[in-house]
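# Fold and contact review
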Amino acid sequence: MGSQKKRPVVLTAADRDELVRVTTTGVHPASVIRRARMLLALDTATGEIGSQDAIAARVGVSGETLRLVAKRFAETGGDVHATIARKKRDLPPVPSPVTGEVEARLIAMACSQPPQGYTRWSQRLLEKHVALVEDIPDLDHSTIGRILKKRNCVLI
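## What to know about the overall build of the chain
Check the secondary structure of the chain and you find 9 helices and 0 strands. Counting from the amino terminus, helix and strand elements in the chain follow one another as α-α-α-α-α-α-α-α-α. The C-alpha atoms of the chain give 28 Å as radius of gyration, which overshoots the globular expectation for 156 residues (15 Å, by more than 25%). Reported as C-alpha extents along the three principal axes, the dimensions of the chain are approximately 85 × 30 × 25 Å. Counting over 156 residues, the chain shows a buried share of 31%. If you take every contact in the chain between residues at least 6 apart in sequence, the share linking residues at least 24 apart comes to 55%. Here the chain displays about 10,300 Å² of accessible surface, and carbon together with sulfur accounts for 53% of that area. Charged side chains in the chain number 24 positive and 17 negative. The centres of these two groups are separated by 5 Å.

## Section: the nonpolar core
Ranked by internal contacts, the top residues of the largest apolar core, which has 22 residues, are Val9, Leu11, Leu19, Leu39, Ile55, Leu66 and Ile84. Broken down by secondary-structure element, the contributors of at least two residues to this core are helix H2 (13-24), helix H3 (30-42), helix H4 (52-59), helix H5 (63-75) and helix H6 (80-84). Looking at this core element by element, the count peaks at 7 residues for H3. Residues in contact with Leu39, not counting those within four places in the same chain, are Val9, Leu11, Leu19, Val69, Phe73, Val80, Thr83 and Ile84. Ranked by size, the runner-up nonpolar core spans 16 residues in total, among them Val98, Leu126, Ile136 and Leu148.

## Observations concerning the environment of Ile156
Positionally, Ile156 belongs in the segment after helix H9 (141-150). Taking C-alpha positions, Ile156 is 23 Å from Gly100, a pair spaced 56 residues apart along the chain.

About the cut-offs
Residues numbered from 1 in each chain as written. Predicted model: local features only at pLDDT ≥ 70, side-chain atom pairs only at ≥ 80, totals over all residues. Heavy atoms only, no water. Helix = DSSP H or I, 4+ residues; strand = E, 2+ residues; numbered from the N terminus. Rg over C-alpha atoms; globule rule 2.2 N^0.38 Å. Buried < 20%, exposed > 50% of the residue type's maximum accessible area, 1.4 Å probe, protein only. Contact = heavy atoms within 4.5 Å. Areas by Shrake-Rupley, 256 points an atom, 1.4 Å probe, with all protein chains shown as cover. Lys, Arg positive; Asp, Glu negative; His and termini not counted. Charge placed at Lys NZ, Arg CZ, Asp CG, Glu CD. Core = buried A, V, L, I, M, F, W, Y, C linked by side-chain atoms within 4.5 Å.

Here it is as structure tokens:
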């Protein structure tokens, strides 16, 4: 009952109708349907609701999951769609070391004359020379091949 006192879930009639529609009709991901069912069960606008353990057992989730959904509902300012939908990532987990400038420098290197003793550039040779250049991050030969293929640059 603690999260219901701290963060009560009060749904409007339109929000309630939308959540009922999500849970009963159409094709939606299971997590969206589960969160919609939790919000409907936590709604205090329709009257007194049971204990958190009873709601968790009825919906089929843990009490902690109920608390987190109620917290997200409060954080989104009562926006039902933002609460039940999956959160979008702000940034990718690791930014790519390959930028436009790196691609340009790599293609320029691949189009230049190969080092003395070699007749042509290979991906492994480019990998070794990229490691020697300080401005370009170390790239794997498969990454080099992907960059060259993307730009239609053929090593001859």
